[in-house]
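The chain contents come next:
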2 protein chains.
Amino acid sequence: MTCIAFQIVPDIALTERLFDELGAKTGDSSGITRDSYGMGEQFAHDLVRMEAEKIGMECHTDAACNLYMVMRGRGDGPAIMIGSHLDSVPSGGNFDGAAGVLAGLAVASGFHRAGQRPPVDLVVTAIRAEESTWFGASYIGSRAAFGTLTDEELDGVCRSDTGIPLGAAIEQAGGDPNALRRGDRALDPARVALFVETHIEQGPVLIDERLPVGLVTGIRGSFRHRHAACFGEYAHSGATPRKTRRDAVRATAELVSILDELWARLETEGHDLSVTFGQVNTVAEEAAFSKVAGRVDFALDIRSECDTTLDMMRAELRRVVAQIELRTGTNFDLGDETGSDPARMNKAILAQMEQLADALAIPARRMASGAGHDAAVFARQGIPTAMLFIRNRNGSHNPDESMDIDDFAQAARLLCALCESWSGPPEPD
Amino acid sequence: MTCIAFQIVPDIALTERLFDELGAKTGDSSGITRDSYGMGEQFAHDLVRMEAEKIGMECHTDAACNLYMVMRGRGDGPAIMIGSHLDSVPSGGNFDGAAGVLAGLAVASGFHRAGQRPPVDLVVTAIRAEESTWFGASYIGSRAAFGTLTDEELDGVCRSDTGIPLGAAIEQAGGDPNALRRGDRALDPARVALFVETHIEQGPVLIDERLPVGLVTGIRGSFRHRHAACFGEYAHSGATPRKTRRDAVRATAELVSILDELWARLETEGHDLSVTFGQVNTVAEEAAFSKVAGRVDFALDIRSECDTTLDMMRAELRRVVAQIELRTGTNFDLGDETGSDPARMNKAILAQMEQLADALAIPARRMASGAGHDAAVFARQGIPTAMLFIRNRNGSHNPDESMDIDDFAQAARLLCALCESWSGPPEPD
């Protein structure tokens, strides 16, 4: 393994101090709460802006209050953006989102302390309102930056606890909902050479494989049936023969088992996939221990980073359901389908990061992101986009998120090397 | 098929009138309600007693207010008892229970109208409080008749709606809870040659097979885990690989599917069995469509008329659960086991009824009773016991119970023939 000496060293001491400050000021014994367009998120934005200004970065916000902290580069080519969001779920953890913004500051401070400027403008970006818990809409800040937030969302989507409409909350935070209504774009994709989001891994893969860093190949898209149901017929448990039962529990269990087997098979064939029945419920007022169940409500979440795999699963789901209906005398109503398209990360950047990780002796692996991220919004705008995962214990969205600062430092080293060795925008995929 | 002429013809007109009267006076648009030890049940007891007295039957009640309507027989051998209960569930149907008492009256009135006496005393019996909905205890009346109701039940079991303790309710209805506390027995098993309970079928077997009458081979016993749970680990649905999941929904679905396959196999091997998961629920406050489920609560009800089949299923359940735990990384807690022992119907009487059905050209088949009945209490006292099922649509315990009076008449003909051809107690099984 070849180790190349890079000059820019990330400022980990700065980020340790900022993580501590964020934890102390936006957390209590129940966890971290940085409410979107609320006091918690605002505190975090103010904190990072102050630090950025200390190292000479030019800071400005857009109509949705996204924060851009710019370190001027030597050249005037399209900028490198490094960022993520600063809001959190209620009683969440300190690292989901914040790690990606602080990683950008660590890089910028690294350039500053080395007395160097980045090759092009380095824009450390703190995006607003990524978490959908507060306003029931995803990626509000990043979509707003590209002018794609709708009037319906600005007026109709209200904060789950206070009831304030999104547009009013943006205005209260100092934003300009009228500009958003006009569809003004704060970001011109042609002026962004790269968007990199660094994020704690929300699953256990890096923990299990003892790797500090993951190189994200794509962000999984999904299709979901959040309100699906299987309808059978209530009947006496002791008096109804197996053959005449129309048992909604049995039928739903078959669906779970068959899709699980299908997942196992497709995985061995190389498909990226996840299949989850997160909620399964008989009807409280109707079901009884001594009755064959006449109805089961369930939620199904299928994800893949590949469109064709999702399409195949969509067709398989319908085929399997029809078979089970025939065999069990039940009827499924899958209800509405929601979901999102997969987002591919830029292949050239991915290859470059892999080479850099190798050169820096940072153990890493390629992996899909199972959760959605602002990076997907950037990728869908045609911007070359990359994501780094940092090893993290206990998942995210809970107070037990556990990221080791040494692992964060490895990711930040990789970002520094990427910026230092920057030679211009990659080929489009 | 040989048709033998019997002289005693059941009084179907009487029973039609009584069914109508019961329906009119204990029902409304939401169904039939004859509350145990309440006004509804009392009305039914008063009604049948009045009719029995009209045809010269001697009526008396015991300490639990069970009603015995006696038509004196020619001989003084042990009596034939025909009966069932008169209470119903709230908003239930008109036939569950009542059909068995009215069938006895139809027979008695048949003897009366023919100017004949039965070979031995014929005791038409209206048992109290069979339904467990009201007092949360089963077979109160029949168990009380044999002195086996406990002090704990008399004092501690209260009516679910009014809160009145069982003992007080019995006293209000004119009974003698102190006699019950002493364990006084109203019935001496040695003086009962036969107990026959006629009941609407609570499943669809006779409907499906187009048979008016079923000859019950035994009353299924059961073992139940009413509060079982599978524990896994909550995790991100998109970010947690299949292999590291500990998915409680997947594990529970496997249990449902494997036990269903086992049931299918054992049934082809001749075992009597039913397996029901009537309630299956993820935890409302914890589960989400985008989370692998960390817990599933479920209820399991396994029934068979054969003790050894129940024992085998008990062992299989443990074996299958252990396998699934290993495979899925989950843990099952089956919780307490409750249940009841199977009760065999008398084989000689069953054979006799089968011959009589054949002689009377009544299409009938042998079948297990999946639900519990007072007959099980009599059988466990060593009394030769039989049950007849009457074809019924839509199950029981609901306003849509639908028994055709012609089918009822077939069962009553069979009962008349059984009494008329009575030659004394059968061999003990």
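Residues numbered from 1 in each chain as written. Chains lettered and ligands numbered in written order. Predicted model: local features only at pLDDT ≥ 70, side-chain atom pairs only at ≥ 80, totals over all residues. Heavy atoms only, no water.

Examining the side chain of Thr385(A)
All names here are of chain A. Applied cut-off: Helix numbers and strand numbers start at the N terminus; a helix is a DSSP run of H or I with at least 4 residues, a strand a run of E with at least 2. The cut-offs for exposure are 20% and 50% of the maximum accessible area for each residue type, with area from a 1.4 Å probe on protein chains only; residues under the lower value are buried, those over the upper are exposed, and the others partly exposed. As used in this structure description, the phrase polar contact means that two N or O atoms lie within 3.5 Å; if the pair is within protein, one of them must be able to donate a hydrogen and the other to accept it, and residues adjacent in sequence are counted only when both atoms belong to side chains. Contact definition: two residues touch when any of their heavy atoms are within 4.5 Å.
Tracing the chain through its elements places Thr-385 in strand β18 (residues 385-390). Accessibility expressed as a relative area gives 1% for Thr-385, which makes it buried. Polar contacts involving the side chain of Thr-385 include one to the main-chain amide nitrogen of Ala-379, which spans 3.4 Å. Within the structure, the side chain of Thr-385 is placed 2.7 Å from the backbone oxygen of Ile-383, a separation counted as a polar contact. Not counting residues up to four positions away in its chain, the partners in contact with Thr-385 are Phe-195, Met-345, Asn-346, Ala-375, Phe-378 and Ala-379.

Side note on the side chain of Thr252(A)
All names here are of chain A. Looking at the secondary structure, you find Thr-252 in helix α10 (residues 248-268). A relative accessible area of 2% means that Thr-252 is categorised as buried. The residues touching Thr-252, leaving out its near neighbours within four places in the chain, are Cys-230, Val-296, Phe-298 and Phe-332.

Digging into the pattern of salt bridges
This is how it is decided: We define a salt bridge as a contact between a side-chain nitrogen of Lys or Arg and a carboxyl oxygen of Asp or Glu at a distance within 4 Å.
Tallied over the full model, the rule gives 60 salt bridges over all chains. Measuring nitrogen to oxygen at the nearest pair gives 2.7 Å for the salt bridge that ties Arg220(A) to Asp272(A). You can see Arg220(A) sitting in the loop between β8 (213-219) and β9 (221-231) and its partner Asp272(A) sitting in the loop between α10 and β11 (274-282), a full 52 residues away along the chain. Note on accessibility: Arg220(A) and Asp272(A) belong to one class, buried. Arg181(B) is the partner of Asp155(B) in a salt bridge, and the nearest nitrogen-oxygen pair spans 2.9 Å. Here the residue Asp155(B) occupies a position in helix α6 (residues 151-156), and Arg181(B) occupies one in helix α8 (residues 177-181), the gap between them amounting to 26 residues.

Some details on the packing of helix α3 (residues 98-113) of chain B against helix α14 (residues 405-420) of chain B
Packed helices, taken two at a time, are described by the angle between their axes plus the distance between the axes. Residues and elements named next belong to chain B. In plain terms, the rule: Only the stretch in contact is used when a helix axis is fitted, and all axes are lines through C-alpha atoms; the angle between N-to-C directions ranges over 0 to 180 degrees. If an angle is under 35 degrees, it is roughly parallel; if it is over 145, roughly antiparallel; if it lies from 65 to 115, roughly perpendicular; otherwise it is oblique. Here is the rule for handedness: rotate from the far helix to the near one, and if that takes an anticlockwise turn smaller than a right angle the crossing is left-handed, while a clockwise turn gives right-handed.
It is at 9 Å that the axes of α3 and α14 come closest, and there the two elements cross at 55 degrees. With respect to each other, α3 and α14 are oriented oblique. As α3 runs across α14, the sense of the crossing is right-handed. Of the residues in α14, those touching α3 at Ala-99, Leu-102, Ala-103, Ala-106, Val-107 and Phe-111 are Phe-408, Ala-412, Leu-415, Cys-416, Cys-419 and Glu-420.

Focus on the relation of the copies chain B and chain A
Each of the two chain copies can be generated from the other by rotation about an axis followed by a shift along it. Applied cut-off: Only residues with pLDDT of at least 70 in both copies contribute their C-alpha atoms to the least-squares superposition of the copies.
It takes a turn of 180 degrees to lay chain B on chain A, together with a shift of 0.1 Å along the axis; the resulting RMSD is 0.1 Å. The operation mapping one copy onto its partner corresponds to a two-fold rotation axis. A shared interface surface links the copies, since 100% of the contact residues of chain B are contact residues in chain A too.

Quick word on the domain arrangement of chain A
Residues and elements named next belong to chain A. The line we're drawing: As annotated, the domain borders come from an automatic or database domain assignment. Summed over both partners, the accessible area (1.4 Å probe) lost when two parts come together is defined as the buried area. Note on residue categories: nonpolar means Ala, Val, Leu, Ile, Met, Phe, Trp, Tyr, Cys or Pro, charged means Asp, Glu, Lys or Arg, and polar means any other residue, Gly included.
Taken domain by domain, chain A consists of domain 1 (12-220 + 342-420) and domain 2 (221-340). With both chains or domains summed, domain 1 and domain 2 bury close to 780 Å², and 43% of this area falls on carbon and sulfur atoms. Three residues, Arg-220, Pro-342 and Arg-344, lead the burial of domain 1 against domain 2; their summed loss comes to 73% of the area buried on that side. Here domain 1 and domain 2 share two salt bridges between them. Taking the shortest distance from any N to any O, the salt bridge between Glu-305 and Arg-344 comes out at 3.6 Å. In this structure, the connection of domain 1 to domain 2 is made through five residue pairs in polar contact (both at pLDDT 80 or more). Here the side of domain 1 that touches domain 2 gets three residues from one element, more than from any other, and that element is β8. A per-class count over the side of domain 1 that touches domain 2 returns four nonpolar, three polar and three charged.

So, the state of the cysteines
Residues and elements named next belong to chain A. Heads up, the rule is: When the sulfur atoms of two cysteines come within 2.5 Å, that pair is taken as a disulfide.
Tallied over the full model, the rule gives zero disulfides over all chains. With no disulfide of its own, Cys-416 lies 6.9 Å from the sulfur of Cys-419, the closest cysteine sulfur. The class of Cys-416 is buried, set by a relative accessible area of 1%.

Considering the interface of chain B and chain A
Across the boundary between the two partners, chain B contributes 49 residues, which contact 49 residues of chain A. Buried area between chain B and chain A, both sides added, is near 4000 Å², and the carbon and sulfur share of it is 56%. One can count four salt bridges joining chain B with chain A. Linking Arg250(A) and Asp260(B) is a salt bridge whose minimum nitrogen-to-oxygen distance equals 3.0 Å. At the surface where chain B touches chain A, the tally comes to 22 residue pairs in polar contact (both at pLDDT 80 or more). Breaking the side of chain B that touches chain A down by element, the ones donating at least two residues are α9 (205-209), β9 (221-231), α10 (248-268), β11 (274-282), β12 (291-292) and β13 (295-304) of chain B. At 10 residues, α10(B) tops the list of elements feeding residues into the side of chain B that touches chain A.

Remarks on helix α12 (residues 347-359) of chain B
Residues and elements named next belong to chain B. The criterion, for reference: Here the expected span of a helix is defined as 1.5 Å times the quantity of residues minus one.
Compared with the 18 Å implied by 1.5 Å per residue over 13 residues, the 18 Å span of α12 between its first and last C-alpha is a close match. By the burial criterion, the buried members of α12 are Ile-349, Leu-350, Met-353, Leu-356, Ala-357 and Ala-359. Looking at the buried residues of α12, the elements they touch are β7 (192-200), β8 (213-219), β17 (364-369), β18 (385-390) and α14. The N-cap residue of α12 is Asn-346: its side-chain oxygen and the backbone nitrogen of Ala-348 are 3.0 Å apart. Ala-361 occupies a position one or two residues after α12 and carries a positive phi of about 60 degrees.

Examining the environment of Ala348(B)
All names here are of chain B. Along the chain, Ala-348 falls in helix α12. Here the alpha-carbon distance between Ala-348 and Pro-425, two residues 77 residues apart in the chain, equals 9.7 Å. Residues contacting Ala-348, with those up to four places away along its chain left out, are Pro-426 and Asp-429.

Description of the packing of aromatic side chains
All names here are of chain B. Quick note on the threshold: The pairing test for Phe, Tyr and Trp rings, Trp by its six-membered ring, is centres within 6.5 Å, and the orientation test on the planes gives stacked under 30 degrees, edge-to-face over 60, and tilted for anything in between.
Applying the stated criterion across every chain, the model contains 14 aromatic pairs over all chains. A centroid spacing of 5.4 Å and a plane angle of 80 degrees characterise the contact between Phe-19 and Phe-408, whose relative ring orientation is edge-to-face. On the criterion of sequence distance, the pair formed by Phe-19 in helix α1 (residues 12-26) and Phe-408 in helix α14 is long-range, its members being 389 residues apart. No difference in accessibility class separates Phe-19 from Phe-408, as the two residues are buried. Taken together, a centroid distance of 5.7 Å and an interplanar angle of 45 degrees make the contact between Phe-277 and Phe-298 tilted. Of this pair, Phe-277 sits in strand β11 while Phe-298 is found in strand β13, placing the two residues 21 residues apart along the sequence.

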